[in-house]
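One letter stands for each residue in the lines below.
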Protein chains: 2
Amino acid sequence: MAKTPIATLGEFGLIRHLTENLPTQQPSTLKGVGDDAAVMNFGNVRVLMTTDLLLEGIHFNLEYVPLKHLGYKAAVVNFSDIYAMNGTPTQITVSLGVSARFSVEDLEELYAGVRLACERYGVDLVGGDTSASMTGLTISITCLGTAKEKDIVYRNGAKEHDLICVTGNLGTAYMGLQLLERERMALGDRQMQQGENVKAFEGREYLLERQLKPEARRDIIEALRKAGIKPTAMMDISDGLSSEILHICHQSNCGCAVYEDKLPIDYQAAVVAEEMNLNIVTCALNGGEDYELLFTCDINDYEKLVPLDDVYIVGHITKPEYGTNLIGRNGEEMALQAQGWQAFKQNQNTQPGR
Amino acid sequence: MAKTPIATLGEFGLIRHLTENLPTQQPSTLKGVGDDAAVMNFGNVRVLMTTDLLLEGIHFNLEYVPLKHLGYKAAVVNFSDIYAMNGTPTQITVSLGVSARFSVEDLEELYAGVRLACERYGVDLVGGDTSASMTGLTISITCLGTAKEKDIVYRNGAKEHDLICVTGNLGTAYMGLQLLERERMALGDRQMQQGENVKAFEGREYLLERQLKPEARRDIIEALRKAGIKPTAMMDISDGLSSEILHICHQSNCGCAVYEDKLPIDYQAAVVAEEMNLNIVTCALNGGEDYELLFTCDINDYEKLVPLDDVYIVGHITKPEYGTNLIGRNGEEMALQAQGWQAFKQNQNTQPGR
């Protein structure tokens, strides 16, 4: 049988390929593969379920990621998926695969981060699995959450004229990563670990924090509820705005116009991008790991939306035949492209062949 | 800070150490860490949740495990944990980390196994995550299940005079593994993969099947329900009977007497053990991966229990001061010992240092 390299499908293509036409048999399954979380009906409330697998060397680099931060982030990114369904995260399980280079104290650090995240977000750690691994650290987290049926927001509800909104700012976590990578190259690992890089990061702590210790936007979910706004579609931005808005447009069968000059960009991030000769707009569109929320809402909610802190209207939903476009500062239209997450290609370059 | 090697705590010690004193904040959390599955209350039914992480080179060897079988087994061992709570598995998520040596067709094979297991057991595959890995294959599965509150069986309900029962036979999956390992050493990998080992396994297919394609004992759970028996404590046997009965005795605060001559042992397994100079009783007590059920039930259920197919009474629960003992064929008592799963130690030997 011919063997097809995984890179030919890409991450999204592979997942789609493996999970298409999955039948469901359980009456409790309301929504399977294809959104931020699966949705189940077990009685009074709907139960949401999401999962993430983090692998050393692919998703994190322990040369500059402290284990406590890693534990915190691994938990929070799952909470973010539940909030992105307009739900409340309630329980997680944590499975670890650890090689012999890790000590008990290392795992205590990692767990301290997970526990801190759980405490802050009111989530219970209810189980897991810990085992040896041949190399490196593997973290797998599954999160349950709850929502009332009428509150759940899927990716497929956007409609023409809806406003496209994002929270916080975009590309900042990516710029934090670039800073860390640059210092690692310049200083070598030993100094990184001993904190000799502190000076190089002065005044840029916010960028590092966005990369190393992101927060999930519970505050926005609460603010929207308080304001009486229910988004028509929503997801969290983990792979970059371009990729995520294309998911919403694809699933909602619509087009979009996103305005370059409306993208919320952090001042520090812009300065560092300039320094590094990077295009900050490209970083904001494709950077990834922001864990901000992207949502669409009815144009009639405009008045309620405007007073909300840290929410930015970046465009609107269009008819599908218009396409999915970015409107540049000069008014030119460019088709948005999902760069998504190219780890399969990177991996193929560094790990050639069986 | 002093660094403590993980092997000094062992697998069970490590998990206990990392998860002790975990507070819960969610009213929906009824039972967190410490049983086959966590238990949540979301309304009409109780929701069970269990998770397993499988790592190449630690939990499976692709030199003799076909990917389809691996997918099947990875799903079924999670179903087994839900049945062990007297529940019904309903949904799973599957996360994969795959290195570039795997092709799309490889992952299709793996998923075909997962799908087959889901189809057979009526479980829905509702989500997951697929990403690149630096080396090897990582599989993380989380399973949800349901049960009525009154039906759930924990590990902590065993009481003096209860009967100790096991299903199927013990040590068989371990003997299957020994056979596969022996042939791998003798033939080398190339021939293994080309099926030249078929003859060496003739008449021993059952042992291989127990190792490569175990089933979860849904049939027993149904038979117990039909017979009107609710076990007082239950768990599945993944790390060997010794280890598991000690968990039940510890959590139920009791002792036990297990009779050597009552242990159900498969004839083929006994023959192969003889051939390999292994003690079949030791294999039955500590072999692991049987995925049979271990349960205790009230002595008054004896009459209902006896007619059940494939259920064997192997001993009884005692006062805690009696200890946890194996009664040999000559009547001598030996303290049962949890060998459990020694992967952390193995790993330390083969992977020295950071």
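Just so it is clear, the model here is predicted, and its values are computed rather than measured.

### Some points on the overall build of chain A
1) Next: In terms of helices and strands, chain A carries 12 helices and 13 strands.
2) Next: Here the C-alpha radius of gyration of chain A, 20 Å, is about what a compact globule of 354 residues would show, namely 20 Å.
3) Next: Along the first, second and third principal axes, the C-alpha atoms of chain A reach 55 × 50 × 50 Å.
4) Next: Looking at chain A as a whole, 59% of its 354 residues qualify as buried.
5) Next: Restricting the contact set of chain A to residue pairs at least 6 apart, pairs at least 24 apart contribute 84%.
6) Next: Summed over all atoms, the accessible surface of chain A reaches about 14,300 Å², with 48% contributed by carbon and sulfur.

### With respect to the sheet that holds strand E4 (residues 88-98) of chain A
All names here are of chain A.
1) Next: Across the sheet, 6 strands lie side by side as E1-E2-E3-E6-E4-E5; this open sheet has mixed pairing. What marks the edges here is a single partner per strand, and that holds for strand E1 (29-31) and strand E5 (124-132). With strand direction ignored, the average angle separating the axes of adjacent strands in the sheet is 20°.
2) Next: Direction of pairing for strand E3 (residues 46-55) relative to strand E6 (residues 137-147): antiparallel, over a ladder of 10 bridges. Across the sheet, the residue bridging to Met49 is Leu144, located in E6.

### Topic: unusual backbone geometry
Residue and element names in this part refer to chain A.
1) Next: You will see that His161, though not glycine, has its phi angle at about 80°, which is positive.
2) Next: Mapped onto the secondary structure, His161 falls in the loop between E6 and strand E7 (163-167).
3) Next: Despite not being glycine, Asn253 shows a phi value in the positive range, around 50°.
4) Next: Summarising the element assignment, Asn253 is placed in the loop between helix H8 (241-252) and strand E9 (255-259).

### Quick word on the side chain of Lys31 of chain A
All names here are of chain A.
1) Next: Following the sequence through the fold, Lys31 ends up in strand E1.
2) Next: One buried charged side chain, Lys31, makes no salt bridge at all; its nearest oppositely charged neighbour is Asp35, positioned 4.5 Å away.
3) Next: Discounting residues that sit within four places of it in the chain, Lys31 has contacts with Ala37, Ala38, Val39, Tyr154 and Gln251.

### Things to note about the nonpolar core
1) Next: In terms of nonpolar packing, the biggest core is built from 96 residues, with Phe79, Ile92, Ile139 and Leu305 of chain A touching the most fellow members.
2) Next: Look past the residues within four positions of Ile139 of chain A in its chain and what remains in contact with it is Asp52, Leu53, Leu54, Phe60, Leu70, Ala74, Ser95, Leu96 and Leu110 of chain A.
3) Next: Ranked by size, the runner-up nonpolar core spans 72 residues in total, among them Val39, Tyr64, Tyr111 and Leu207 of chain B.

### Description of the pairing of strand E11 (residues 311-318) of chain A
Residues and elements named next belong to chain A.
1) Next: Two elements, E7 and E11, share 5 bridges in a ladder whose sense is antiparallel. In the sheet register, Ile164 faces E11, and the bridge partner there is Gly315.
2) Next: Pairing between E9 and E11: 4 bridges, direction antiparallel. Directly across from Ala257, in E11, lies its bridge partner His316.

### Quick word on the pattern of salt bridges
All names here are of chain A.
1) Next: Throughout the structure, instances matching the rule amount to 48 salt bridges over all chains.
2) Next: Note that Glu181 is salt-bridged to Arg184, the shortest N-O span being 2.9 Å. Taken together, the residues Glu181 and Arg184, both in helix H4 (residues 172-187) and 3 residues apart, mark about one turn of the helix.
3) Next: On the accessibility criterion, Glu181 (23% relative accessible area) is partly exposed.
4) Next: When salt bridges that share partners are traced, they join Arg210, Arg217, Asp219, Asp290, Glu292 and Asp310 into one network.

### Some details on the interface of chain B and chain A
1) Next: Counting residues at the interface gives 89 residues for chain B, matched by 89 residues for chain A.
2) Next: Taken together, the links from chain B to chain A amount to 2 salt bridges.
3) Next: Across the salt bridge formed by Lys3 of chain A and Asp106 of chain B, the nearest N and O atoms sit 2.9 Å from each other.
4) Next: Breaking the side of chain B that touches chain A down by element, the ones donating at least two residues are helix H1 (10-19), strand E2 (38-41), strand E3 (46-55), strand E4 (88-98), helix H3 (104-121), strand E5 (124-132), strand E6 (137-147) and helix H12 (343-350) of chain B.
5) Next: When its residues are assigned to classes, the side of chain B that touches chain A shows 38 nonpolar, 37 polar and 14 charged.

### Details of the side chain of Asn86 of chain A
Residues and elements named next belong to chain A.
1) Next: Summarising the element assignment, Asn86 is placed in the loop between helix H2 (67-83) and E4.
2) Next: Its relative accessible area of 9% is what places Asn86 among the buried residues.
3) Next: Separated by 3.3 Å, the side chains of Asn86 and Arg225 make a polar contact.
4) Next: Every residue in contact with Asn86, bar those within four places of it in the chain, is listed here: Ala147, Asp151, Val153, Ile221, Arg225 and Met234.

### Considering the environment of Leu187 of chain A
1) Next: Relative to the helices and strands, Leu187 of chain A is located in helix H4.
2) Next: Distance from Leu187 of chain A to Lys68 of chain A, taken between C-alpha atoms, is 23 Å for residues 119 residues apart in sequence.

### Considering the packing of aromatic side chains
1) Next: Taken as a whole and judged by the stated rule, the model has 4 aromatic pairs over all chains.
2) Next: Here the basic side chain of Lys213 of chain A rests over the ring of Tyr72 of chain A, its NZ or CZ set 4.3 Å away from the ring centre.

### Considering helix H8 (residues 241-252) of chain B
All names here are of chain B.
1) Next: Between its first and last C-alpha, H8 extends 16 Å over 12 residues, near the 16 Å set by a 1.5 Å rise per residue.
2) Next: When you tally the buried positions in H8, you get 9 out of 12 residues, the bulk of the element.
3) Next: All buried positions along H8 are accounted for by Leu241, Ser242, Ser243, Glu244, Ile245, Leu246, Ile248, Cys249 and Ser252.

### Topic: the relation of the copies chain B and chain A
1) Next: At an RMSD of 0.0 Å, chain B and chain A line up after a rotation of 180° and a shift of 0.0 Å along the axis. Classification of the inter-copy transformation places it as that of a two-fold axis. Rotation axis and chain B: the residue whose C-alpha lies nearest the axis is Gly43 of chain B, separated from it by 2.2 Å.
2) Next: Comparing contact sets, 100% of the residues at the interface of chain B also lie at the interface in chain A, consistent with an isologous, same-surface contact.

### Overview of the confidence of the model for chain A
1) Next: Of the residues in chain A, 92% have a pLDDT of 70 or more, and the chain-wide mean is 89.
2) Next: Contacts of residues 341-354 of chain A to residues separated by more than four positions or lying in other chains number 36 contacts, the stretch itself having pLDDT below 50.

### Let's talk about the packing of H4 of chain A against helix H9 (residues 267-275) of chain A
All names here are of chain A.
1) Next: For the pair H4 and H9, interaxial distance at closest approach is 9 Å and the crossing angle is 45°. When the interaxial angle is binned, H4 and H9 end up oblique. Here H4 runs over H9; the crossing is left-handed. Seen from H4, the contacting residues are Thr172, Met175, Leu179 and Arg182; seen from H9, they are Ala269, Val272, Ala273 and Glu275.
2) Next: Class assignment of the residues belonging to the contact of H4 with H9 gives a composition of 5 nonpolar, 1 polar and 2 charged.

### Some points on the environment of Thr51 of chain A
1) Next: The topology assignment puts Thr51 of chain A in strand E3.
2) Next: According to the relative accessible area criterion, Thr51 of chain A is buried, its value standing at 8%.
3) Next: In sequence terms Thr51 of chain A and Phe79 of chain A are 28 residues apart; their C-alpha atoms lie 9.9 Å from each other.
4) Next: If we ignore the near neighbours within four places in the chain, the residues touching Thr51 of chain A are Asn78, Ser140, Ile141 and Thr142 of chain A together with Thr93, Ser95, Gly128 and Asp129 of chain B.
5) Next: In terms of polar contacts, Thr51 of chain A uses its side chain to reach the side chain of Thr142 of chain A, at 2.9 Å.

About the criteria used
- Residues numbered from 1 in each chain as written.
- Chains lettered and ligands numbered in written order.
- Predicted model: local features only at pLDDT ≥ 70, side-chain atom pairs only at ≥ 80, totals over all residues.
- Heavy atoms only, no water.
- Helix = DSSP H or I, 4+ residues; strand = E, 2+ residues; numbered from the N terminus.
- Rg over C-alpha atoms; globule rule 2.2 N^0.38 Å.
- Buried < 20%, exposed > 50% of the residue type's maximum accessible area, 1.4 Å probe, protein only.
- Contact = heavy atoms within 4.5 Å.
- Areas by Shrake-Rupley, 256 points an atom, 1.4 Å probe, with all protein chains shown as cover.
- Pairing = 2+ DSSP bridges.
- Axes fitted to C-alpha atoms, helices over the stretch in contact; angles between N-to-C directions.
- Lys, Arg positive; Asp, Glu negative; His and termini not counted.
- Salt bridge = Lys/Arg side-chain N within 4 Å of Asp/Glu carboxyl O.
- Core = buried A, V, L, I, M, F, W, Y, C linked by side-chain atoms within 4.5 Å.
- Nonpolar A, V, L, I, M, F, W, Y, C, P; charged D, E, K, R; others polar.
- Polar contact = N/O pair within 3.5 Å; in protein donor to acceptor, adjacent residues only side chain to side chain.
- Phe/Tyr/Trp six-rings, centres within 6.5 Å; stacked < 30°, edge-to-face > 60°.
- Lys NZ or Arg CZ within 6 Å of the ring centre and 35° of its normal.
- Expected span 1.5 Å × (residues − 1).
- Least-squares fit on C-alpha atoms with pLDDT ≥ 70 in both.
- pLDDT = per-residue confidence, 0-100.
- Parallel < 35°, antiparallel > 145°, perpendicular 65-115°, else oblique.
- Left-handed = near helix turned anticlockwise from the far one by under 90°.

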